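# Descriptive structure summary
Given next are the chains, with one letter for each unit.
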Amino acid sequence: VPSKQLILDLTDGLVTNEDEGWMHHECRKLMPSLVARLRNRSGILLLCGYTANVDRGLRRSAMALAKSTISTHPLNEPIRRFATRHSQVVSGARLSTQTQASLYAAISDWHSKKISERRATLENIAAAKASAERKLGYAPTTEALWKSIRGPNVTQKKIRSFLWKVMHGALPCGINWNDNPEYADRALCQHCQVRETEEHLLVQCPDSCQSTLWALANGLLRRRGLPQLAPATLGDILTCGLPNRKLKLTPGQERLRTIVIAETAWLVWVIRCKWVIDDESDPDLYPSIPELENRWWKMINSKLDFDILASDKKRYEAKAIDTNTVKDTWDGLLADGATLTESLKRHRNVGVLVGRGLAARRPPGRNR
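All values reported here derive from a predicted model rather than from experimental measurement.

## Concerning the overall build of the protein chain
On a plain count of helices and strands, the protein chain comes out with 16 helices and zero strands. Burial analysis of the protein chain (368 residues in total) assigns 39% to the buried set. Restricting to contacts in the protein chain with at least 6 residues of sequence separation, those with at least 24 account for 63%. When the accessible surface of the protein chain is split by element, carbon and sulfur atoms take 53% of a total near 22,000 Å².

Below, the structure written as structure tokens:
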């Protein structure tokens, strides 16, 4: 075989893999059957890997056998019939070797087999892939899309949870209120009186705060040398953690784009929830534009404060954010460029973001 890892899985790692029930193996359905086939052999079995120096005829023979086997038994599907009367299939995991974490993983895997993909999830994933192909220059895999919403640039758990819910179409809006007759009126947008969807409330509603907040986000990104990258569709929000191959962006610019888009989308949702639930959709209690601006600037400035504080290697050691990454992210966005360097030396923010103006010295919510 050409794979050294396969030989290790069948020899040195065989006991461990069988004790774990092949839980972490990429071909966990096929491997127990393969081991059973090999154990049913009566003679001595030698496993050896081949390289480019091995005879070409042997390599062709091995490749032909592999192709014929795949055509007979689909990849990663269990083989149920054996040439011998008694099979050697070892199923399940050895209980004495399990930990609490591995048992939880096994239970989760067992439950996941019964659950099919939600239609809303499939639709949102398709929309995100189409958006990435249009704006980022490539179509990501589903796995890459899921990893991007919990990548290193999405640091807060609440933002990761929010993006996860958006991907699944699980935010309590629109048809998700239909199961509760007491709050059926919340299925409609309280501004437009149309069916409220995630895309409508985050990027489309003309009377909500989303247009004001996304304009602020665009302004900040343009000051950092980025074109207009604020989302126009829900797919643009879901792909905020993916790298942009159309534009030659630095890691810091990519990081700033992810932070600004993810945090702004979350703030739109938070403001909507407070107004609809706490303020009972009272038009007189909807935040004014100055209040929205102050709140957005406070949120972004808190991200800057966090980066500066987290760059302290003496305190956080290996978990500290690299100073060059912080500089690359926020370079040119402070009123005085020298203050960023000074802030990183002191590990506290001594500057003000460009464009914030009086909002930097006024508590959130106060009118001009």
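## Overview of helix 8 (residues 157-168)
The first and last C-alpha atoms of helix 8 sit 17 Å apart over twelve residues, in line with the 16 Å expected at 1.5 Å per residue. Buried residues of helix 8: Ile 159, Phe 162, Leu 163, Val 166, Met 167 and His 168, and no others. Where the residues of helix 8 are buried, they touch helix 6 (119-135), helix 7 (142-148), helix 9 (198-204), helix 11 (234-238) and helix 12 (251-278).

## Here we look at the nonpolar core
Of all hydrophobic cores here, the largest spans 65 residues; its most connected members are Phe 162, Leu 163, Leu 213, Trp 296 and Trp 330. For this core, the element with the most residues is helix 12, which contributes 13 residues. The residues touching Trp 330, leaving out its near neighbours within four places in the chain, are Arg 255, Leu 256, Ile 300, Lys 303, Leu 304, Asp 307, Leu 340 and Leu 353. Formed by six residues, the second largest nonpolar core is a distinct cluster that contains Leu 10, Cys 27, Met 31 and Val 35.

## Quick notes on helix 15 (residues 323-330)
Among all positions of helix 15, only Val 326, Thr 329 and Trp 330 are buried. Buried residues of helix 15 fall within an arc of 75 degrees about the axis and therefore sit on the same side.

## A few points about the environment of Thr 239
Residue position: Thr 239 is located in the loop between helix 11 and helix 12. Aside from chain neighbours lying at most four places away, what touches Thr 239 is Ala 128, Ser 131, Ala 132, Leu 136, Leu 145 and Arg 257. Among the polar contacts made by the side chain of Thr 239, one reaches the main-chain carbonyl oxygen of Asp 236 at a distance of 3.3 Å.

## Concerning the packing of helix 8 against helix 12
Look at helix 8 against helix 12: their axes get within 10 Å of each other, and the N-to-C directions meet at 75 degrees. Judged on the interaxial angle alone, helix 12 and helix 8 are roughly perpendicular. Touching Lys 158, Ile 159, Phe 162 and Leu 163 of helix 8 are Ala 262, Glu 263, Ala 265, Trp 266 and Trp 269, all from helix 12. Per-class residue counts for the contact of helix 8 with helix 12 are seven nonpolar, no polar and two charged.

Calculation rules
Residues numbered from 1 in each chain as written. Predicted model: local features only at pLDDT ≥ 70, side-chain atom pairs only at ≥ 80, totals over all residues. Heavy atoms only, no water. Helix = DSSP H or I, 4+ residues; strand = E, 2+ residues; numbered from the N terminus. Buried < 20%, exposed > 50% of the residue type's maximum accessible area, 1.4 Å probe, protein only. Contact = heavy atoms within 4.5 Å. Areas by Shrake-Rupley, 256 points an atom, 1.4 Å probe, with all protein chains shown as cover. Expected span 1.5 Å × (residues − 1). Core = buried A, V, L, I, M, F, W, Y, C linked by side-chain atoms within 4.5 Å. Arc of directions from axis to C-beta. Polar contact = N/O pair within 3.5 Å; in protein donor to acceptor, adjacent residues only side chain to side chain. Axes fitted to C-alpha atoms, helices over the stretch in contact; angles between N-to-C directions. Parallel < 35°, antiparallel > 145°, perpendicular 65-115°, else oblique. Nonpolar A, V, L, I, M, F, W, Y, C, P; charged D, E, K, R; others polar.

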